[in-house]
Amino acid sequence: MLSLRGSIVKSTNVISLETLACSAGWRNYYFVKVVTDEGVVGWSEFDEGFGSPGVAAVIEQLSPRIIGQSVMQHERIREELFCATRPGAGGVVGQALGAIENALLDAKAKTLGLPCYELLGGKIRDRLPVYWSHFVTWRAGRIPHYQPEIKDQSGVRAMAKEAVERGFSAVKTNIWRYEQGGIAGWAPGFGNPFAPPLNVERKILNGLREHLQTIRDAAGPDLEVLLDLNFNAKTEGFLKILRAVADQDLFWVEIDSRDPDALAYIRAHSPHPIASCETLIGVQQFLPFLRRQAIDVAIIDTPWNGVWQSMKIAAVADAHEVNVACHNFYGHLCTMMNAHFCAAVPNLRIMEVDIDRIALDSALFTHEPEYQDGHLIMPDRPGWGTEPIEAVIHAHPPIKAHGLMGRSRTQT
């Protein structure tokens, strides 16, 4: 038994663990629900559409190992699950462990009547600096799910002005160009278009420069602009892009690479700070990038890694004089999971948030994130501070063709 604030908690054992999913327009939202014998419900959010099919199946396979264990011992549970899955560590297995860990953290914090950040050492900041992610990308590339739609360069100008008017100080965009009176994205790293050599042609360079300058001209000199290049080039191509945008005032350039030596070479020749590592899982995968000084900012996906494990990664990054950011492009629960991490971690650079939302988001979650003057305001509610509403989940069945996985072979 545990004595907590003068009361007795008789038991905190898990009696059930299940996964749930619902449609979120062009993708699905996925959740883990943990219930204890005291009736406490812990939640986490994970994803299967960002190149990770089968996470839910792994969670369900592992669930018998969790039943009967105490949510207070989330570290022990995670280590036992890691031992059982060690030969296949990382990938969807690692993401399943992260999703389970995050649900246990929520249940533990609720049992104690505390916000999750208290489990992480307490919050360092009440207001989290954020950037508006997928700026232009959602409104131009996911029509009609995000409003107002962007169909040409004038829509980009209007959105840049909107960001300033709404008090945001930073936005992150992707590779876009204007052609034939419209707007076109370029993401061969994700098969859009299918061009596996990942060569960067001159029209892409010229179009990207024009896109960045359009945002700057409309927003003015004070808005921070971040550029995400994803997996859309190889070393030669990334260097071509960096040379092409060398005169642009950029907060960082985000590059996904599996090769720490290649990324270190790119960083050494970059006029802009380099952020990376959002697709890595565990300290061991981050270490080569940190040891080789390949990054200025380490991006950690806390839904993939688990927030508790993410604090360990952040500590190792701090030992290498590197600050961290979070990878966050999921639902409101993921945003709040990331927020507790960002509130508690000492070496925070900035937090990623999606401001453009589908209509369902406001109905699906008990609480939405609150933003003021380009900051997320931390709540003091127990657990993550929000949770999905089951009736709404069940009212919106998941779709089969979802997320990046759902793109047609003929789409460009």
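Residues numbered from 1 in each chain as written. Predicted model: local features only at pLDDT ≥ 70, side-chain atom pairs only at ≥ 80, totals over all residues. Heavy atoms only, no water.

## Re the sheet that holds strand E4 (residues 28-36)
As a reminder of what qualifies: Only when DSSP finds a minimum of two bridges between them are two strands counted as paired. Helix and strand labels come from DSSP, where a helix needs a run of H or I of at least four residues and a strand needs a run of E of at least two; each type is numbered from the N terminus. Axis definition: a line fitted to C-alpha atoms, over the contacting stretch in the case of helices. Angles run 0 to 180 degrees between N-to-C directions. Any pair of residues with heavy atoms lying within 4.5 Å of one another is described as a contacting pair.
One open sheet accounts for three strands, arranged E3-E4-E5; its pairing is antiparallel. Only two strands of the sheet have a single neighbouring strand rather than two, namely strand E3 (14-23) and strand E5 (41-46). This sheet shows a mean twist of 20 degrees between the axes of neighbouring strands, independent of strand direction. Strands in contact with helix H1 (residues 55-66) are E3, E4 and E5; relative to E3, the strand with the most contacts, it is inclined by about 170 degrees.

## So, empty space enclosed by the protein
Operational definition: Buriedness of a pocket was judged along seven lines, with at least five required to meet protein on both sides within 12 Å; pockets are open sets of points on a 1 Å grid over the protein atoms alone, cavities are sets where a 1.4 Å probe fits but cannot get out, and lining residues have an atom within 4 Å of a point. Grid points are joined across faces, edges and corners, and a volume is the space filled by probe spheres set on the points. The classification used treats Ala, Val, Leu, Ile, Met, Phe, Trp, Tyr, Cys and Pro as nonpolar, Asp, Glu, Lys and Arg as charged, and all other residues, Gly among them, as polar.
As enumerated under the stated definition, the model contains three cavities of 30 Å³ or more in all. Of the pockets and cavities examined, the largest cavity occupies roughly 40 Å³. Lining the largest cavity are Trp-26, Arg-27, Asp-47, Gly-49, Phe-50, Phe-329, Gly-403 and Leu-404. Counted by class, the lining of the largest cavity contains four nonpolar, two polar and two charged residues. Approximately 40 Å³ is the volume attributed to the second largest cavity. Lining the second largest cavity we find Asp-256, Ser-257, Arg-258, Ser-276, Cys-277, Thr-279, Leu-280 and Phe-289. Across the lining of the second largest cavity, the residue classes tally to three nonpolar, three polar and two charged.

## Concerning the side chain of Gln-95
Stated precisely, the cut-off is as follows: Relative accessibility decides the category of a residue: with a 1.4 Å probe and only protein chains considered, values under 20% of the type maximum give buried, values over 50% give exposed, and everything between is partly exposed. As used in this structure description, the phrase polar contact means that two N or O atoms lie within 3.5 Å; if the pair is within protein, one of them must be able to donate a hydrogen and the other to accept it, and residues adjacent in sequence are counted only when both atoms belong to side chains.
Within the secondary structure, Gln-95 sits in helix H3 (residues 91-112). We classify Gln-95 as buried; its relative accessible area is 3%. A polar side-chain atom of Gln-95 sits 3.0 Å from a polar atom in the side chain of Ser-52.

## Things to note about the pairing of E4
In terms of burial, E4 is largely enclosed, as nine of its nine residues are buried. Residues of E4 alternate between two faces, with Asn-28, Tyr-30, Val-32, Val-34 and Thr-36 on one and Tyr-29, Phe-31, Lys-33 and Val-35 on the opposite face, all of them buried. Pairing of E3 with E4 involves nine bridges; the strand directions are antiparallel. Across the sheet, Leu-17 pairs through a bridge with Val-34, a residue of E4. Hairpin connection, E3 to E4: the antiparallel pair is bridged by four residues, and Gly-25 has positive phi, about 85 degrees. As paired elements, E4 and E5 share six bridges and run antiparallel to each other. Residue pairing in the sheet places Lys-33 in a bridge with Trp-43 of E5. Hairpin connection, E4 to E5: the antiparallel pair is bridged by four residues, and Gly-39 has positive phi, about 85 degrees.

## Notes on the side chain of Asp-356
Tracing the backbone through its elements, the reader meets Asp-356 in the loop between strand E15 (348-353) and helix H14 (361-364). Judged by its relative accessible area of 6%, Asp-356 is buried. At 2.9 Å, the side chain of Asp-356 and the side chain of Arg-139 are in polar contact.

## Brief notes about the packing of aromatic side chains
Short version of the rule: Pairs were defined over the aromatic rings of Phe, Tyr and Trp, the Trp ring being its six-membered one, requiring ring centres within 6.5 Å. Orientation was assigned from the angle between planes: stacked under 30 degrees, edge-to-face over 60, tilted for the rest. Over a ring means this: the NZ of a Lys or the CZ of an Arg is within 6 Å of the ring centre and within 35 degrees of the ring normal.
The final tally for this structure, using the stated rule, is 17 aromatic pairs. Both rings, one in Phe-329 and one in Tyr-330, keep their centres 4.8 Å apart while their planes meet at 55 degrees; by these two values the pair is tilted. Across the pair, exposure class does not vary: Phe-329 and Tyr-330 are buried alike. The ring centre of Phe-329 lies 5.6 Å from the NZ or CZ of Arg-27, which sits over that ring. Positioned over the ring face of Trp-26 is Arg-142, at 3.9 Å from the centre of the ring.

## Quick look at the packing of helix H10 (residues 283-291) against helix H12 (residues 307-319)
Selection rule: Oblique is the label for any angle not covered by the other classes, which are roughly parallel (under 35 degrees), roughly antiparallel (over 145) and roughly perpendicular (65 to 115). We call a crossing left-handed when the near helix sits turned anticlockwise from the far one by less than a right angle, and right-handed when that turn is clockwise.
The N-to-C vectors of H10 and H12 enclose an angle of 20 degrees; their axes lie 10 Å apart at closest approach. With respect to H12, the axis of H10 lies roughly parallel. For H10 against H12, the interelement crossing comes out right-handed. Every residue of H12 that contacts H10 at Val-283, Phe-286, Leu-287 and Leu-290 is listed here: Lys-312, Ile-313, Val-316 and Ala-317. Tallied by class, the residues present in the contact of H10 with H12 amount to seven nonpolar, no polar and one charged.

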